[in-house]
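As a plain string of letters, each chain reads:
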Amino acid sequence: MRDIRLSYSRTAMPSERDALSGPQIIQKRDLDAAPRVRAQQCGLWELSRDPAVKIACIGAGPAGLYFAITMKLREPAHEIEVFERNAAGVTFGWGVVFSDLTVDNITANDPVSAKTITDEFAHWDDIDVHFRGECITSGGHGFIGIGRKRLLEILQDRARALGVALHFEAECDPGDPKWRDYDLVIASDGINSRFRDASPEAFGVDVDVRANKFVWLGTSKVFDAFTFAFEETEHGWIWAHAYRFAPDCSTFIVECSEETWTSFGFDRMSQDEAIAACEKLFAKYLDGHKLMSNATHLRGSAAWLNFRRIKCERWSTGNVILLGDAAHTAHFSVGSGTKLALEDAIKLADVLNRTGLSLEAAMDEYVAERNLEVLKLQNSARNSTEWFETLERYTHFEPLQFAYSLLTRSQRISHENLRLRDREWLEGVERWFWKRATDGQSNKTAPPMFAPFQMRELRLENRVTVSPMAMYSAVDGTPNDFHFVHYGERAMGGAGLVFTEMTCVSPEGRISPGCTGMWNEEHVAAWTRIVDFVHANSKARICLQLGHSGAKGSTRVGWEEDNAPLPDGNWPVMAASDVSWSPVNQMPQPMTRADMDSVRDQFVTAVRMGLECGFDMIELHAAHGYLLSGFLTPLQNRRTDEYGGSLENRLRYPLEVFAAMRAAWPSDKPMSVRISATDWAGDNGITADDAVEIGEAFAREGADLIDVSAGQTWTGAQPVYGRMFQTPFSDKIRNEARLATMAVGNIYEPDHANSILAAGRADLVALARPHLIDPFWTLRAAAQLDYRDVHVPPQYLNGMAQLARNLKREAEAAAALRV
Ligand SMILES: Cc1cc2nc3c(=O)[nH]c(=O)nc-3n(C[C@H](O)[C@H](O)[C@H](O)COP(=O)(O)OP(=O)(O)OC[C@H]3O[C@@H](n4cnc5c(N)ncnc54)[C@H](O)[C@@H]3O)c2cc1C
Ligand SMILES: Cc1cc2nc3c(=O)[nH]c(=O)nc-3n(C[C@H](O)[C@H](O)[C@H](O)COP(=O)(O)O)c2cc1C
């Protein structure tokens, strides 16, 4: 292979000047050829008589064609050939949707093809969600679509006009020696790329075959809105994603679970039979129009696919570069595969033509930039894919909430995004939420986070909570003035519920010497002072979190060194098994039955003391690898008796403790339990499915709320961090087990809270770190969202009013700037 170095000259070909955002022509050349370098530096460089770069694009999909166009725009002298296995005009699929941003990108890159494409766009604004006999319509979504066939025709014409050689009915074999004659081989051969699969190790290919079945059909029925049609049948749920992409044609993708698909007998049907079955199923949406397939090359059930999510660690090997779907895919429900392919093509052409950039450096930049985009999109696409795969989790929702959940499924669209798109619709959702939260008593149109929440006889003023946070500031377990100010201030800050830090049931059950406790009268007096202040000066309720540290006990305070043993004065620790937290931590003593009795009784005593203090609620801490969590997780629990082994056995002792606490706590007062819904250890630890069982087991013992945290149960965990990263576990437990849940973990914007609550992913949201630096997080959110009915301590009313005014002014100024 020839050594390739590409670089720009600063003169554009006259025919291309209009088409280029900046006049750039690339030239393959040897950078060491001094005259040319000098010429280039002067900006006077003419086309070289050297052979141009010879490029083969495998596949005439959007990626291959658009890359060929983009390269030619930069250097007309390149020799570019595109090889396509199908005949011209034969393609799979129907329409594709674009975003405004993609249009901007392609317009900047090639105004000529962009104009032809945008002239033919079908535009629509509404999304219709048909569910349980209702059609929920929301507006302002602004889609644009075009037929895939038409898009490819436009790109083919443009490529030909620029001098690209197109070869149709040309199946390419990666083993063919002729590819060595090309400087670059662009593997734009789609999701089933033979060129990628010929070197799986070199590319580090990762394929995730998703659960649902789908088929990409077309119809002459013109859908004026992007339409989701969900149908419940005797075989399960089946649904269609439909949208218009031409004046007389719509895409109609049918999707269902594999179980439903088999139960329908789609696996045994010919393509015609399957289409007839779908026409019957969706007859009321089709108004007599036919469904059509253009996957004629696929026989029978083969036209149905399982989506394959492709990821590659590396995007090039030798002279082969992956582009578009060959390198990565994003589920069709986020409609971004074509956008990715086109934007990849632009970036690849850019880096290949950067002055003085070696091929290696060009590839590094291409992969680094595009991979970030791909990861972001694949993340949203995964959320969206999973939403459809777990559809039955949400089918108990009322149609309005179902539609909200569908619209926010990828987490790219939030509550406030929906307000911008369709204020009236969003306010309808807010009214619905409040009505439901108040048993029909309230007609308020207000953010969901401010709606009340009832557990037994306890009514919370709103749905924001201060998550438990150890302050490591007590002496001998007694909370002091620090705690008085800390909890008092957070209660005045507007949250509906304030959790105490993990308060330990015995001296040896503490994590550190600074942990608060509940085992003597001094503790009762100190906590009573705090609880009384909270009740007298705020509308917040206060929940006592009780726990025992287990194997993670006898360690330094959090800010010195997390989980590190004390330099001296360590006390012996006990746990489910003799598994130490880490090699530097003590080996715990496995608990005997007598130990278990004694610790259970300590929890009960602490509950009674909590009642004496006037706490409104009790939470049992069974998360984060502490004593009870250590029983639940197989990573710490190695017992061979009835408390180890199966999940049922591992649950036995934590449930016994919970039941004893429940019996000691008044039946009109609620209790919650905090769990780690995953060990982040795959099937070796607690899984999300286990977490549903755990939640159900505690609910059977009288838990009113499952506080869904995750991880911190072993040192090897690899959590997947991000915004609201633990909320999917709350969603799963809430909607599969139908339990009240609280979500926690990197929820920090009011918009996060409202999106989670309105979508029914949790009943309460807990914020920990945001409350450390801003005790008044809830009041600030109320000011930001212009919600007036929040309780403000009278001493602070002036400040609240000023904050609200200033924020409003700022928002108006920002809006004026946007206009
Ligand atoms: C049901 C469904 C709906 C979708 N909806 C949308 C949407 O709304 N919006 C959107 O942006 N994207 C959508 N996509 C994704 C989109 O189709 C792809 O992401 C996009 O086509 C990727 O472009 P590409 O050029 O990389 O691959 P492709 O479009 O797959 O093109 C690859 C080409 O290579 C050819 N080829 C393959 N192997 C060989 C070979 N060995 N020799 C010669 N030729 C070969 C193929 O015939 C094909 O023409 C959807 C996908 C599906 C499955
Ligand atoms: C300083 C600090 C102390 C914490 N102590 C406790 C605790 O005592 N009990 C508990 O269940 N979780 C504790 N956590 C975990 C938080 O309650 C919360 O689950 C976690 O910080 C994630 O939420 P965030 O992203 O809002 O901070 C603590 C977190 C922090 C930051």
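(A) Structural context of empty space enclosed by the protein. Going through the model one piece at a time under the given rule, you end up with six cavities of 30 Å³ or more. The computed volume of the largest cavity comes to approximately 60 Å³. Taken together, Glu461, Asn462, Ala491, Met492, Gly494, Ala495, Gly496, Ser538, Lys539, Ala540, Val790 and His791 form the lining of the largest cavity. Its residues placed into classes, the lining of the largest cavity shows five nonpolar, five polar and two charged.

(B) Looking closely at the pairing of strand E11 (residues 184–187). Every second residue of E11 is oriented toward a common face, with Leu184 and Ile186 on one face and Val185 and Ala187 on the other, all of them buried. Bridge analysis of strand E3 (residues 54–58) against E11 gives four bridges, and the strand direction is parallel. For Ile55, the partnering residue across the bridge sits in E11 and is Leu184. Here E11 runs beside strand E19 (residues 320–322); their pairing, made up of three bridges, is parallel. Bridge pairing links Ala187 to Leu322 in E19.

(C) Representation of the site of ligand 2 in the model. Near ligand 2 lie 17 residues; those nearest to it are Ser467, Pro468, Ala470, Asn746 and Arg769. Interatomic distance of 2.7 Å between a backbone N/O atom of Ala470 and a nitrogen atom of ligand 2. Separating an oxygen atom of ligand 2 from a side-chain N or O atom of Arg769 is a distance of 2.5 Å. Taken by itself ligand 2 offers 600 Å² of open surface, and the protein chains cover 82% of this. Of the residues that constitute the shell around ligand 2, the class distribution is eight nonpolar, six polar and three charged.

(D) Spatial organisation of the sheet that holds E19. If you trace the six strands from one edge of the open sheet to the other, you get E10-E4-E3-E11-E19-E18, paired in mixed fashion. Both edges of this open sheet fall to strand E10 (165–167) and strand E18 (316–317), since each of them pairs with a single strand only. Inspection of the sheet shows E18 paired to E19 by two bridges, in the antiparallel sense. Pairing of Ser316 across the sheet is with Ile321, part of E19.

(E) Summary view of the site of ligand 1. For ligand 1, the set of nearby residues contains 32 residues, the closest of which are Ala63, Glu84, Arg148, Asp325 and Thr338. The contact in question runs from an oxygen atom of ligand 1 to an N or O atom on the backbone of Ala63, over 2.9 Å. At 3.0 Å, a side-chain N or O of Glu171 approaches a nitrogen atom of ligand 1. Across the complex, the protein chains shield 94% of the 990 Å² of accessible surface that ligand 1 would expose by itself. Looking at the shell around ligand 1, the elements with two or more residues in it are helix H2 (62–74), strand E5 (95–98), strand E12 (205–219) and helix H11 (337–352). Take the shell around ligand 1: its biggest share by element is four residues, from H11.

(F) A look at the sheet that holds strand E9 (residues 143–147). Strand order in the open sheet formed by three strands is E5-E9-E6, and the pairing between neighbours is antiparallel. The sheet is open, and its two edges are formed by E5 and strand E6 (122–124), each paired on a single side. When strand polarity is set aside, the average angle formed by the axes of neighbouring strands in this sheet is 30 degrees. Lying on the sheet, helix H5 (residues 148–161) is in contact with E5 and E9; it crosses E9 at an angle near 75 degrees.

(G) Molecular detail of unusual backbone geometry. Positive phi outside glycine occurs at Asp476, with the angle close to 50 degrees. Following the sequence through the fold, Asp476 ends up in the loop between strand E23 (464–466) and helix H16 (481–492). What makes Asp476 exposed here is its relative accessible area of 56%. One non-glycine residue, His624, adopts positive backbone phi at about 60 degrees. Position of His624 relative to the elements: it lies in the loop between strand E29 (617–622) and helix H19 (627–632). Take His624: its relative accessible area is 8%, and that puts it in the buried class.

Criteria and cut-off values
- Residues numbered from 1 in each chain as written.
- Chains lettered and ligands numbered in written order.
- Predicted model: local features only at pLDDT ≥ 70, side-chain atom pairs only at ≥ 80, totals over all residues.
- Heavy atoms only, no water.
- 1 Å grid on protein atoms, 1.4 Å probe; cavity = no way out; pocket = protein on both sides within 12 Å on 5 of 7 lines; lining within 4 Å.
- Points joined across faces, edges and corners; volume = space filled by probe spheres on them.
- Nonpolar A, V, L, I, M, F, W, Y, C, P; charged D, E, K, R; others polar.
- Buried < 20%, exposed > 50% of the residue type's maximum accessible area, 1.4 Å probe, protein only.
- Helix = DSSP H or I, 4+ residues; strand = E, 2+ residues; numbered from the N terminus.
- Pairing = 2+ DSSP bridges.
- Near = heavy atom within 4 Å.
- Polar contact = N/O pair within 3.5 Å; in protein donor to acceptor, adjacent residues only side chain to side chain.
- Areas by Shrake-Rupley, 256 points an atom, 1.4 Å probe, with all protein chains shown as cover.
- Axes fitted to C-alpha atoms, helices over the stretch in contact; angles between N-to-C directions.
- Contact = heavy atoms within 4.5 Å.

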